Amino acid sequence: MTRQFKSYIDGQWVAGSDGADDENPADLAAPVGSYGVLDAAQVAQAVDAAAAALPAWSLSSPQQRADILDRAGSEILARKEELGRLLAMEEGKTLPESIGEAARAGQIFKFFAGEALRIPGEKLASTRPGVDVEITREPVGVVGIIAPWNFPLAIPAWKIAPALAYGNTVVFKPAEIVPGCAWAIADILERAGVPAGVFNLVLGAGRTVGAALVGHGRLDALTFTGSVPTGRALLRQAAERGLKIQMEMGGKNPLVVLADADLDQAVECAVNGAYFSTGQRCTASSRLIVENAVYDEFAARMQARLAKLTVGDPLQAGVDIGPVASAAQLDTDLSYIGIGRDEGAELLFGGERVECATQGHFLAPTLFAARPEHRIAREEIFGPVAALIRADDYEHALALANDTEFGLCAGICTTSLRHATHFKRHAQAGMVMVNLPTAGVDPHVPFGGRKASSYGPREQGRHAVEFYTTVKTAYTAA
Ligand code: UN1
């Protein structure tokens, strides 16, 4: 008896039709469950329900919202092992990574429970004597959330929790391949006491369910994390409609390793940043830019370290890297490995699928020695594939780090305060890491990038208030 994951509209569970399997990428013979997809009319019902629920919810007591979010956070934390297991089976990251992500989702709900009670405002004297000016924040309205598959608990959490905290109502469309985690969030929110219509979950494909959501005239704002082409298409639609939009898209994040770095630490940063979570993070360290003086030594240590990693069933203890999340992503990864070879990059490690006891999308961690112009060094792959690039010195490494259309995160491994300080100032990225992997961020501070990586205000932390509220300026004469 497999589990059936449903949509949630106006406080009701909706089965949908055309049920599909919720695949387990580590064991294709044993799906996690199944799910039904909605049609455009059902998506419209969800948006209408969110619009109908908005007036009461937007004026609800911040304490009520804080209590609901806090209950949701507590339940997620209490059930993090079980939720982590579902995540690992559905998305493929290892069980410790998955439990860590579940815990992060719980902490995010708790953080925004507190923020509901701290909605900021200002009061100033007017330029006109006897007049006061108040600046307050009000909910932006009905928020559409389109989330990716790679963090199926944490990314929805960091979009849903602030949306609800600031008094918005929500229609959430998760990625198709992770309906179970999305269902779990809806189930927890219902139990936490979210009123009918305030939070809605719509399952299905982007081209049908996503399009119906974005095309609905009652939507006020849209937050999206996903690929650059989808993001750009959404931006055009948002511009035509005057929709407020926030987007987090791709990355091709550099990790610079200088000759003065602690090389053991640098190798750990590179392995974690490039390969953990199977490299499927927009923050992945996919360009390892290494100063010439330590390049050969670093390459040799990376090869030795990669040889010790175990690829396999994410639920099994001792496994470092789970499967690629889907057949489509595996095809992309393998095709980039082919492109790397064809363009003359030198394969230093991996490059092949891995046989395991079950049939799944297993791929070896793959390292190429590449030149900056190679496509594998320029385009986001979103898999366990990294490009090692040689730099003459610090200035050259910085120039290479910035030579990309993306600007999400940039990292440097160095023991030099001067270089670390210079890099923090001159890296063209929204986030900078010193002696840390580019991936793996805190839940209470802003997240986001520059250039083609991001658009609109930052997510997470107190900065989330920018997107999820709109400012009102009120003048009062005594
Ligand atoms: C992290 O690196 O901890 O899609 C989070 C992504 C990012 C989240 C990364 N939005 O990979």
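The numbering scheme is per chain: residues are counted from 1 as the chain's sequence reads. Only residues with pLDDT of at least 70 get local features here, since the model is predicted, and only at 80 or more are side-chain atom pairs given and counted; chain-wide, interface and lining totals rely on the full set of residues. The side-chain numbers reported here are obtained from all heavy atoms of the structure, hydrogens and water having been left aside.

- Taking an unreviewed UniProt entry as the reference, the chain is identified by name as Aldehyde dehydrogenase family protein belonging to Marilutibacter alkalisoli.
- UniProt positions are given in the numbering used here, feature names are shortened, and annotations may be inferred rather than shown by experiment. Its UniProt record gives the chain the following Sequence similarities (unreviewed entry) comment, quoted word for word: "Belongs to the aldehyde dehydrogenase family."

### Notes on the pairing of strand S17 (residues 385–391)
- Any residue under 20% of the maximum accessible area for its type is buried, any over 50% is exposed, and the rest in between are partly exposed; the area is computed with a 1.4 Å probe on protein chains only. Strands here mean DSSP runs of E at least two residues long; helices mean DSSP runs of H or I at least four residues long; both are numbered from the N terminus. Within S17, six of the seven residues are buried, which leaves it mostly tucked inside the rest of the structure.
- When DSSP finds two or more bridges between a pair of strands, those strands are recorded as paired. Sheet analysis places strand S14 (residues 285–291) next to S17, joined by five bridges and oriented parallel. Opposite Leu-288, over in S17, you have Leu-388 as the bridge partner.
- Relative to S17, strand S16 (residues 366–369) is paired through four bridges, and the arrangement is parallel. Residue Leu-367 lies in a different strand from S17, and its bridge partner there is Ala-386.

### Thoughts on the layout of surface pockets
- With a 1 Å grid laid over protein atoms only, a set of points is called a cavity when a 1.4 Å probe fits there but cannot get out and a pocket when it is open yet has protein on both sides within 12 Å along at least five of seven lines; lining residues have an atom within 4 Å of a point. Grid points are joined across faces, edges and corners, and a volume is the space filled by probe spheres set on the points. Empty space within the largest pocket amounts to approximately 870 Å³.
- Lining the largest pocket we find 37 residues, and of these Trp-149, Phe-224, Gly-226, Ser-227 and Thr-230 sit closest to its centre.
- Of all the secondary-structure elements, those providing two or more residues to the lining of the largest pocket are helix H7 (206–214), strand S11 (221–225), helix H8 (228–241) and helix H11 (327–342).
- Top contributing element to the lining of the largest pocket by residue count: H8, with six residues.
- Under the scheme applied, nonpolar residues are Ala, Val, Leu, Ile, Met, Phe, Trp, Tyr, Cys and Pro; charged residues are Asp, Glu, Lys and Arg; polar residues are all the others, including Gly. The class makeup of the residues in the lining of the largest pocket is 20 nonpolar, twelve polar and five charged.

### Some remarks on the environment of Phe-406
- Position of Phe-406 among the secondary structure elements: in strand S18 (residues 406–407).
- Here Phe-406 falls in the buried class, since its relative accessible area comes to 6%.
- Residues Phe-406 and Gln-265, spaced 141 residues apart in sequence, show a C-alpha to C-alpha distance of 25 Å.
- In this analysis, two residues are considered to be in contact whenever any of their non-hydrogen atoms come within 4.5 Å of each other. When sequence neighbours within four positions are dropped, the list of residues in contact with Phe-406 reads Val-228, Gly-250, Gly-251, Lys-252, Arg-378, Glu-380, Gln-428, Arg-450, Lys-451, Ala-452 and Ser-453.

### Side note on the packing of aromatic side chains
- Here the aromatic set is Phe, Tyr and Trp, taking the six-membered ring for Trp, and pairing holds for ring centres within 6.5 Å; pairs whose planes are under 30 degrees apart are stacked, those over 60 apart are edge-to-face, and all others are tilted. Evaluated as defined, the whole model comprises eight aromatic pairs.
- Here the aromatic rings of Tyr-8 and Trp-13 are separated by 4.6 Å at their centres, their planes lie at 45 degrees, and the arrangement is tilted.
- By relative accessible area, which is 29% here, Trp-13 ends up partly exposed.
- Judged by centre distance (4.9 Å) and plane angle (85 degrees), the ring pair of Phe-467 and Tyr-468 falls under edge-to-face. Tyr-468 shares its class with Phe-467; the two are buried.

### Observations regarding the site of the ligand
- Distances are taken per atom, and a residue is near a molecule or strand as soon as one of its heavy atoms is within 4 Å of it. In the vicinity of the ligand, the contacting residues are Arg-104, Asn-150, Phe-151, Ile-155, Trp-158, Arg-281, Cys-282, Thr-283, Ala-439, Gly-440, Val-441 and Phe-447.
- Here a polar contact is recorded for every N or O atom pair within 3.5 Å, except that within protein the pair must consist of a potential hydrogen donor and a potential acceptor, and residues adjacent in sequence are included only if both atoms are side-chain atoms. Asn-150 places a polar side-chain atom, nitrogen or oxygen, 3.0 Å from an oxygen atom of the ligand.
- In this structure, Val-441 approaches the ligand through a main-chain N or O atom, which is 3.0 Å from an oxygen atom.
- Only the protein chains shown count as cover for residues, and the accessible areas themselves come from Shrake-Rupley with a 1.4 Å probe. Alone, the ligand offers 320 Å² of accessible surface; in the complex the protein occludes 99% of this.
- Put plainly, a molecule is in a cavity or pocket when over half of its atoms are within 2 Å of the grid points there. In this structure the site holding the ligand corresponds to the largest cavity.
- Tallied by class, residues from the shell around the ligand come to seven nonpolar, three polar and two charged.

### Here's the deal with the UniProt feature "domain: Aldehyde dehydrogenase" (unreviewed entry) in the chain
- As annotated in UniProt, the feature "domain: Aldehyde dehydrogenase" (unreviewed entry) corresponds to residues 14–473 in the numbering used here.
- Span residues 14–473 is 41% helix and 21% strand, its end C-alpha atoms 41 Å apart.

### Quick look at the nonpolar core
- Note on terminology: a nonpolar core comprises buried Ala, Val, Leu, Ile, Met, Phe, Trp, Tyr and Cys residues joined through side-chain atoms within 4.5 Å. Counting 71 residues, the largest nonpolar core has Phe-109, Ile-160, Leu-164, Phe-172, Leu-189 and Phe-199 as its most contacted members.
- For Phe-109, the residues in contact, after removing those within four places along its chain, are Leu-69, Ala-72, Gly-73, Ile-76, Ala-157, Ile-160, Ala-161 and Leu-189.
- By size, the runner-up hydrophobic cluster in this structure holds 31 residues, among which are Leu-255, Tyr-275, Val-311 and Ala-369.

### Description of the sheet that holds strand S23 (residues 469–477)
- Strand order in the open sheet made by the three strands is S6-S7-S23, with antiparallel pairing throughout. Strands at the two margins of the open sheet, each flanked by one partner only, are strand S6 (122–125) and S23. Averaged over all adjacent pairs, the angle separating strand axes in this sheet is 20 degrees, with direction ignored.
- Looking at chain direction, strand S7 (residues 131–139) and S23 are connected through nine bridges and run antiparallel. Across the sheet, the residue bridging to Val-133 is Tyr-475, located in S23. To define axes, lines are fitted to C-alpha atoms, for helices over the stretch in contact only, and angles between the resulting N-to-C directions are given on a 0 to 180 degree scale.

### A short note on empty space enclosed by the protein
- Following the criterion strictly, the structure yields four cavities of 30 Å³ or more and no others.
- For the largest cavity, the calculated volume is near 110 Å³.
- Lining the largest cavity are 14 residues, and of these Phe-151, Trp-158, Cys-282, Thr-283 and Phe-447 sit closest to its centre.
- Per-class residue counts for the lining of the largest cavity are six nonpolar, four polar and four charged.
- Along the wall of the second largest cavity there are 13 residues; nearest its centre are Gly-279, Ala-284, Ser-286, Phe-382 and Gly-383.
- A class-by-class count of the residues in the lining of the second largest cavity yields five nonpolar, five polar and three charged.

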